[in-house]
Amino acid sequence: MKCRLCGAKAVINMRQHKLALCQGHFLDWLPNQVERAIQKYRMFRREEKILVAVSGGKDSLSLWDILHRLGYQADGLHVFTGIDGGRAYAAELQRLTQEFAARRRLKLHIVDIVAETGRTIPELAALTRRGRDKPCAVCGMIKRYILNRIAHDKGYHVLATGHNLDDEVAVLFGNTLSWAGEYLLRQGPVLQEEQGLARKVKPLCRVYERETAAYALLRGIAYIQEDCPFAVGATSIYYKRLLSQLEHDRPGAKLSFYLSFLEARRRGLFAAPENIRAGLHPCSSCGQPTSAPGLCAYCRLLEWGKEPCASH
Ligand code: SF4
Ligand code: ZN
Ligand code: ZN
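One structure accompanies this document, and this report is about it. All of these numbers come straight from a predicted model, not from anything done at the bench.

Criteria and thresholds
- Residues numbered from 1 in each chain as written.
- Chains lettered and ligands numbered in written order.
- Predicted model: local features only at pLDDT ≥ 70, side-chain atom pairs only at ≥ 80, totals over all residues.
- Heavy atoms only, no water.
- Helix = DSSP H or I, 4+ residues; strand = E, 2+ residues; numbered from the N terminus.
- Rg over C-alpha atoms; globule rule 2.2 N^0.38 Å.
- Buried < 20%, exposed > 50% of the residue type's maximum accessible area, 1.4 Å probe, protein only.
- Contact = heavy atoms within 4.5 Å.
- Areas by Shrake-Rupley, 256 points an atom, 1.4 Å probe, with all protein chains shown as cover.
- Donors = N, O, S within 2.8 Å, 3.2 Å for Na, K, Ca; no water.
- Tetrahedral: all angles 85-135°; square planar, octahedral: opposite > 155°, others 65-115°.
- Salt bridge = Lys/Arg side-chain N within 4 Å of Asp/Glu carboxyl O.
- Pairing = 2+ DSSP bridges.
- Axes fitted to C-alpha atoms, helices over the stretch in contact; angles between N-to-C directions.
- Right-handed = clockwise from strand over helix to strand, strands pointing away.

Along the backbone of the protein there are 12 helices and 10 strands. Here the C-alpha atoms of the protein give a radius of gyration of 20 Å, agreeing with the 20 Å that 2.2 N^0.38 yields for 312 residues. Its C-alpha atoms put the protein at 65 × 45 × 40 Å along the principal axes. Here the protein, with 312 residues, has 49% of them falling under the buried criterion. Sequence separation of 24 or more characterises 67% of the internal contacts of the protein that already satisfy a separation of 6 or more. Surface accessibility of the protein: about 15,900 Å² in total, with carbon and sulfur atoms responsible for 52%.

Spelled out as structure tokens, the structure:
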């Protein structure tokens, strides 16, 4: 297979785009695609300060690398979760993120949940009934909370996450199976700033996972390959498998599913009055916005953690 642009040996063939590219052209093409998405969905402007959520996986590290190459002011935020008890997995994620930032002289903020709360995320999740076996809901809530808090405290305009097309399509598929109106309404490349919550953007939303993996590999980005131990059996992984089968038989199916959804959303298909989000107000302890009365979910969790025999 040859590069369509220069005829050299191709390193990747993207059937959905009917495009094979050599290393050099692929490494230029992908940031270019990301820049187009940033412009098309008006994610941010050159003068805005961006905070990238960096887990230490291929997507978030590739995103940070791309934004840096495109000349944006993008700093990183890594949340140390203490996931896996033994901490080897979480420690490795943090090490790779720090190494990446140091090599490129990028600014990285680290929030250590274990130091901040005295518990790992699985331990915090175990304080809730539903989180005892599966900490993902609590993990997601804590990361969103920390991202928003740091963005607010350090004056960032926008939060960027490394969700790729495969992630977005798996979520979209799940939400469509149950016609989850509010979630469908809120899913998209940009979630505008509201009532104390920072604007959130997903610059890789049109990039296939195998493209970010190829990008990371070709750019020599060291990242952790294994999934989080708690990802095993996740519904999203099952959906991803189903959708990859579809993509295999019909190249471009994922992209077209996602883009058609965005177009339907733009035309107001999901905008029913009952989908309007409940009003937010400041948490009585930390001041972060919450829809719950009194304490936000994060502060409530910490309160439970103080009770030795919490019965939640
Ligand atoms: Fe958190 Fe792991 Fe669940 Fe992802 S899979 S939400 S990192 S616990
Ligand atoms: Zn080429
Ligand atoms: Zn709070």
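Having seen it, we continue.
Coordination of the zinc ion (ligand 2) by the protein is provided by C3 (SG), C6 (SG), C22 (SG) and H25 (ND1), with metal-donor distances spanning 2.1 to 2.3 Å. Coordination at the zinc ion (ligand 2) is tetrahedral: its four donor atoms span angles of 98 to 115 degrees at the metal. Spacing between the donor residues of the zinc ion (ligand 2) along their common chain follows C-x2-C-x15-C-x2-H. We classify C3 as buried; its relative accessible area is 5%.

Using the criterion set out here, one finds 18 salt bridges in the structure. A salt bridge links D28 to R69, with the shortest nitrogen-to-oxygen separation between them at 3.6 Å. Taken together, the residues D28 in helix α1 (residues 23-40) and R69 in helix α2 (residues 58-69) connect sequence positions 41 residues apart. You can call D28 partly exposed: its relative accessible area is 48%. A single network of salt bridges, built from pairs that share partners, joins K58, D59, D167, E209 and K240.

Moving on: the coordination of the zinc ion (ligand 3). Within the protein, C283 (SG), C286 (SG), C296 (SG) and C299 (SG) serve as the donor atoms for the zinc ion (ligand 3), at 2.3 Å. One can describe the donor arrangement at the zinc ion (ligand 3) as tetrahedral, given that its four donor atoms subtend angles of 106 to 114 degrees at the metal. All donors of the zinc ion (ligand 3) belong to a single chain; written as a sequence motif, their spacing is C-x2-C-x9-C-x2-C. Each member of the pair, C296 together with C299, is buried.

In this section: the sheet that holds strand β6 (residues 158-160). Taken in spatial order, the six strands make up an open sheet running β5-β4-β3-β6-β8-β7, and their pairing is mixed. Each edge of the open sheet is held by one strand with a lone partner, namely β5 (108-112) and β7 (190-191). Direction of pairing for strand β3 (residues 49-53) relative to strand β4 (residues 73-80): parallel, over a ladder of five bridges. Note that in β4 the partner of V52 across the bridge is G76. Most of the contacts of α2 go to β3, to which it runs at about 160 degrees, and overall it touches β3, β4, β5 and β6. This element, helix α3 (residues 88-104), spans β4 and β5 of the sheet and lies at about 160 degrees to β4.

Okay, the pairing of β4 next. In terms of burial, β4 is largely enclosed, as seven of its eight residues are buried. Assessed by its sense of winding, the connection that carries the chain from β3 through α2 to β4 is right-handed.

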